[in-house]
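This is what each chain is made of:
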Amino acid sequence: MEKRDVGLFEGLKSIYNEADSQGAFDSVKEKLFNKARIDKENNNDTESSANVSSEADTDKKNINISSGGFKPNLTDITNYNPNVNVAANLGGDKGFYADAGAGASLQRGVNYNAEAGYKGDKVDAKIDTGGLQIGTGFGGDKNNVNVNLAQRFDGDTNVNVEGKKQLNKYLDLKGSADTSGNYKAGIGFDFKF
């Protein structure tokens, strides 16, 4: 493991610990402990479902826990894939937010992601386990330009510019280019039902 990975983990851990010390996760923890207590009380139910999903939601702060695939299909045992996923979201559509998730399955192993950022009227910024990204947009729904800058922790930097112009009620002209040498231009139909 590189020092950079350890530093990122320690940084995210310190952000979590600070938020936790200020009570940011209290309602989520309470709901998780209540769910665990209810599950323990209902543990005598022998006909419980193989797939379980739970969500606690409070003012744009939520935690999702899901699991499934524990009951194997004996006619297709090669696709047996029990899995468990946990995701926590703090924040809303605007302002500061933090998201974290982890999952494990028999076929895909363990994966995780953590992200924190800011969503504003003209600028969005985020940092996650891959790197830092800053973006802004100009214009409205009919005509707009979006500019994004991404700096990955592996050293890769990318700038992406996307644009859209609505030619008429059903026809859009779109284009994009980035510093990796990728570019697109197209015209598309936009049918609203």
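Residues numbered from 1 in each chain as written. Predicted model: local features only at pLDDT ≥ 70, side-chain atom pairs only at ≥ 80, totals over all residues. Heavy atoms only, no water.

**Some words on the overall build of the protein chain**
Of the regular secondary structure elements, the protein chain holds two helices and 11 strands. When the elements of the protein chain are put in sequence order from the N terminus, they spell out α-α-β-β-β-β-β-β-β-β-β-β-β. Long-range contacts, defined here as pairs at least 24 residues apart, represent 18% of the contacts in the protein chain between residues at least 6 apart. Of the accessible surface of the protein chain, which amounts to about 14200 Å², a share of 55% is contributed by carbon and sulfur atoms. (Helix = DSSP H or I, 4+ residues; strand = E, 2+ residues; numbered from the N terminus. Contact = heavy atoms within 4.5 Å. Areas by Shrake-Rupley, 256 points an atom, 1.4 Å probe, with all protein chains shown as cover.)

**Overview of the environment of Asn 81**
Here Asn 81 is to be found in the loop between strand E2 (61–68) and strand E3 (83–90). Spatially, the C-alpha atom of Asn 81 lies 9.8 Å from that of Ala 104, the residues being 23 residues apart in sequence. Excluding anything up to four places from it in sequence, Asn 81 contacts Gly 68, Gly 69, Ser 105, Leu 106 and Gln 107.

**Considerations on the confidence of the model for the protein chain**
Low-confidence regions, as indicated by low pLDDT, have predicted coordinates that should not be scrutinised in detail. Here the protein chain averages 76 in pLDDT, while 67% of its residues score no lower than 70. For residues 1–5, every residue scores under 50 in pLDDT, and the model assigns this stretch three contacts once sequence neighbours within four places are set aside. Confidence drops under a pLDDT of 50 for residues 43–59, and excluding neighbours within four residues, the segment shows 28 contacts in the predicted structure. (pLDDT = per-residue confidence, 0-100.)

**A closer look at the pattern of salt bridges**
Any two side chains of opposite charge can pair, given that their charged atoms come close. As enumerated under the stated definition, the model contains two salt bridges in all. Its salt-bridge partner being Glu 115, residue Lys 126 comes within 3.7 Å of it at the nearest N-O pair. Within this pair, whereas Lys 126 is found in strand E6 (residues 123–128), its partner Glu 115 is found in strand E5 (residues 109–119), the two being separated by 11 residues in sequence. (Salt bridge = Lys/Arg side-chain N within 4 Å of Asp/Glu carboxyl O.)

**Overview of the side chain of Ser 105**
With respect to the element layout, Ser 105 can be found in strand E4 (residues 95–105). When near neighbours in sequence (up to four residues on either side) are disregarded, Ser 105 contacts Asn 81, Pro 82 and Asn 83.

**Observations regarding the pairing of strand E11 (residues 183–189)**
The buried fraction of E11 amounts to zero of the seven residues, a small share that puts the element mostly on the outside. Of the pairings in the sheet, the one linking strand E10 (residues 171–178) to E11 comprises seven bridges and is antiparallel in character. When the bridges of E11 are listed, Gly 175 appears paired with Ala 185. Linking two consecutive strands that pair antiparallel, namely E10 and E11, is a turn of four residues; a positive phi of about 95° is found at Gly 181 within it. (Buried < 20%, exposed > 50% of the residue type's maximum accessible area, 1.4 Å probe, protein only. Pairing = 2+ DSSP bridges.)

**Section: the packing of aromatic side chains**
Throughout the structure, instances matching the rule amount to one aromatic pair. The aromatic ring of Tyr 97 is capped on one face by Lys 119, whose charged end is 4.9 Å from the ring centroid. (Phe/Tyr/Trp six-rings, centres within 6.5 Å; stacked < 30°, edge-to-face > 60°. Lys NZ or Arg CZ within 6 Å of the ring centre and 35° of its normal.)

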